[in-house]
Amino acid sequence: MKALVTGGAGFIGSNLVQYLIKNGVSIRVLDDLSTGYQKNVKDLDVEFVFGDVCDSSLVKKAIEGVDVVFHLAASVGRQKSLNDPRRDAEVNMIGTTNVLEAARQAGVRRIVNTSSAAIFGELLTMPIAEDHPLNPDSPYGVSKLAAEKQALCFSDLYDLTVVCLRYFNVYGINQRFDAYGNVIPIFADRLYKRLPITIYGDGEQTRDFINVTDVVMANYLAATVAKQSGVYNIGSGLSITINHLAKMMKDISGSDSSIEYAPMRPADVRHCRAEISKAKNNLKFSPNVKIEDGLVEYLKWFEEDRKVIE
Ligand SMILES: NC(=O)c1ccc[n+]([C@@H]2O[C@H](COP(=O)([O-])OP(=O)(O)OC[C@H]3O[C@@H](n4cnc5c(N)ncnc54)[C@H](O)[C@@H]3O)[C@@H](O)[C@H]2O)c1
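All residue numbers refer to position in the chain's written sequence, counted from 1. The predicted nature of this model means local features are confined to residues of pLDDT at least 70 and side-chain atom pairs, given and counted, to a pLDDT of 80 or more, with totals for whole chains, interfaces and linings taken over all residues.

### Focus: the domain arrangement of the chain
(1) Moving on: The source of the domain bounds is an automatic or database domain assignment. Structurally, the chain comprises domain 1 (2-171 + 209-236 + 278-283) and domain 2 (183-206 + 239-274 + 290-309).
(2) Moving on: Counting residues at the interface gives 11 residues for domain 1, matched by 11 residues for domain 2.
(3) Moving on: Asp, Glu, Lys and Arg are counted as charged, while Ala, Val, Leu, Ile, Met, Phe, Trp, Tyr, Cys and Pro are counted as nonpolar; the rest, among them Gly, fall into the polar class. Here the side of domain 1 that touches domain 2 is composed, by residue class, of seven nonpolar, three polar and one charged. Here the contact rule is simple: place C-beta atoms from the backbone, and any two residues whose C-beta atoms are within 7 Å are in contact.

Shown next as structure tokens:
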């Protein structure tokens, strides 16, 4: 099998690429390295195409001869999209349309499209099932929802199976701290520098964290097991409080960072947990990395990676 992984130099994409190679899949990566790292793929046996998913002729070339596309390239994150909604829309809507159209023209039959829990917006019921209302509250959520709808539309119109995976809070190896980072790399960075950790609100808000290893497995199952097009929540199906997360990370790291509290941020949701029975039933998806174990592995990697990067 030959696969194109867009965004393959990024956090989740590079983990997926490693897994696919181990399973005998021949890989081409398309990535503009805007948030990904060359070092994530440099020692891997991949054909690397540098460039932008908004460049339709490049996407056409990158898709030639592949059997399946894993589309992960995106402008990622709420805050980034508030700062630059136009670029967010270009990459996530036009970029995804380019991938779909090139796949259709090249006769590719299967696409695994990356969606996000950000498409739900305000959370009304818990746990969050696939049929929860979709009212995204950021340009990022809107662009990911539009991309998902476009992907499903292509699957209705053409002979194309499209499986959309709506990730919840993903963490794990190759997730680096940046200004728009998720809570786990932000806490890791503070603990590593022995600076105070800030928790917004009382810390009793909950999140569904899923290890990247489990997300990679969901992608593989979407490419190999899914019988038809559809959308799936990909989370752990469990949730923990931010207080618990901070305590676990502090204990594991042995850091003497203090924990401080700041006012709740307006857009923060109180509780978040994915309902994953659809993925369990249809994809045989079974997340199996316990958060305690995933955090031990992550913090060890984070410290080693920082020494290389700094
Ligand atoms: N990390 C999470 O918790 C999370 C949650 C929900 C959904 N997602 C989705 O997962 C996917 C991967 O995200 P990630 O967390 O690995 O982030 P990431 O930023 O590490 O990965 C994105 C990759 O896409 C590349 N890219 C960005 N714009 C591009 C463009 N115009 N052309 C080509 N390549 C481009 C980047 O260089 C990077 O390698 C994204 O589609 C994101 O929306 C992530």
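### Thoughts on the pairing of strand β11 (residues 230-234)
(1) Moving on: A large share of β11 lies buried, amounting to four of its five residues.
(2) Moving on: In this scheme, strands are said to pair when DSSP sees at least two bridges between them. A run of H or I in DSSP counts as a helix once it spans at least four residues, and a run of E counts as a strand once it spans at least two, with each numbered from the N terminus. Of the pairings in the sheet, the one linking strand β6 (residues 161-167) to β11 comprises five bridges and is parallel in character. Paired with L165 across the bridge in β11 is Y232. Labels follow a simple rule on C-beta atoms placed from the backbone: if 20 or more others lie within 10 Å of a residue's own, it is buried; if 12 or fewer, it is exposed; otherwise it is partly exposed.

### Quick notes on the site of the ligand
(1) Moving on: As a structural note, the neighbourhood of the ligand is formed by 30 residues, with G7, G10, T35, G36 and A74 the closest of them.
(2) Moving on: Only α1 (11-22), β2 (26-31), α4 (85-106), β5 (110-116) and β7 (169-171) provide two or more residues apiece to the shell around the ligand.
(3) Moving on: For the shell around the ligand, the element with the most residues is α1, which contributes three residues. Think of it this way: take the backbone, place a C-beta atom on it, and check whether that atom is within 6 Å of the molecule or strand, in which case the residue is near it.

### Quick notes on the sheet that holds strand β3 (residues 46-50)
(1) Moving on: With parallel pairing, the seven strands of this open sheet are ordered in space as β3-β2-β1-β4-β5-β6-β11. Taken across any chain shown, the strands that pair with only one partner, and hence form the sheet edges, are β3 and β11. Put simply, the sheet's adjacent strands are angled 20 degrees from each other on average, direction ignored.
(2) Moving on: As judged from the four bridges shared by strand β1 (residues 2-6) and strand β4 (residues 68-71), these two strands associate in the parallel manner. Across the sheet, A3 pairs through a bridge with V68, a residue of β4.
(3) Moving on: Strand contacts of α4: β1, β4 and β5, with the helix running at about 180 degrees to β4, the strand carrying the most contacts. Axes here refer to lines fitted to C-alpha atoms; in helices the fit is confined to the stretch in contact. Angles between the N-to-C directions go from 0 to 180 degrees.

### What about α4?
(1) Moving on: Expected span, for any helix, means 1.5 Å times one less than how many residues it has. Taking 1.5 Å of rise per residue, the 22 residues of α4 would be expected to cover 32 Å, and the 31 Å separating its terminal C-alpha atoms lies within 8% of that figure.
(2) Moving on: For α4, the full list of buried residues reads D88, V91, N92, G95, T96, T97, N98, V99, L100, A102 and A103.
(3) Moving on: At its buried positions, α4 is contacted by β1, α2 (56-63), β4, α3 (78-83), β5 and α5 (139-157).

### With respect to the packing of helix α6 (residues 183-193) against helix α8 (residues 242-253)
(1) Moving on: Relative orientation of the contacting elements α6 and α8 amounts to 40 degrees, with a least axis distance of 10 Å. Classified by the angle between their axes, α6 and α8 sit oblique to one another. Crossing handedness for the pair α6 and α8: right-handed. On the side of α6, the interface is formed by V183, F187, A188 and L191, while α8 contributes I242, A246, M249, K250 and S253.
(2) Moving on: A breakdown of the residues in the contact of α6 with α8 according to their chemical character gives seven nonpolar, one polar and one charged. To sort the angles, those under 35 degrees are grouped as roughly parallel, those over 145 as roughly antiparallel, those from 65 to 115 as roughly perpendicular, and the leftovers as oblique. For any pair of crossing helices, the crossing counts as left-handed if the nearer helix is rotated counterclockwise from the farther one by less than a right angle, and right-handed if it is rotated clockwise.

### Considerations on the pairing of β1
(1) Moving on: For β1, the tally of buried residues reaches four of five residues, placing the bulk of the element in the interior.
(2) Moving on: The sheet contact formed by β1 and β2 spans five bridges and is parallel. Across the sheet, the residue bridging to A3 is I27, located in β2.
(3) Moving on: Here a crossover is taken to be right-handed if, once the strands point away from the viewer, the path from the first strand over the helix to the second is traced clockwise. Read from β1 through α1 to β2, the crossover connection turns out right-handed.

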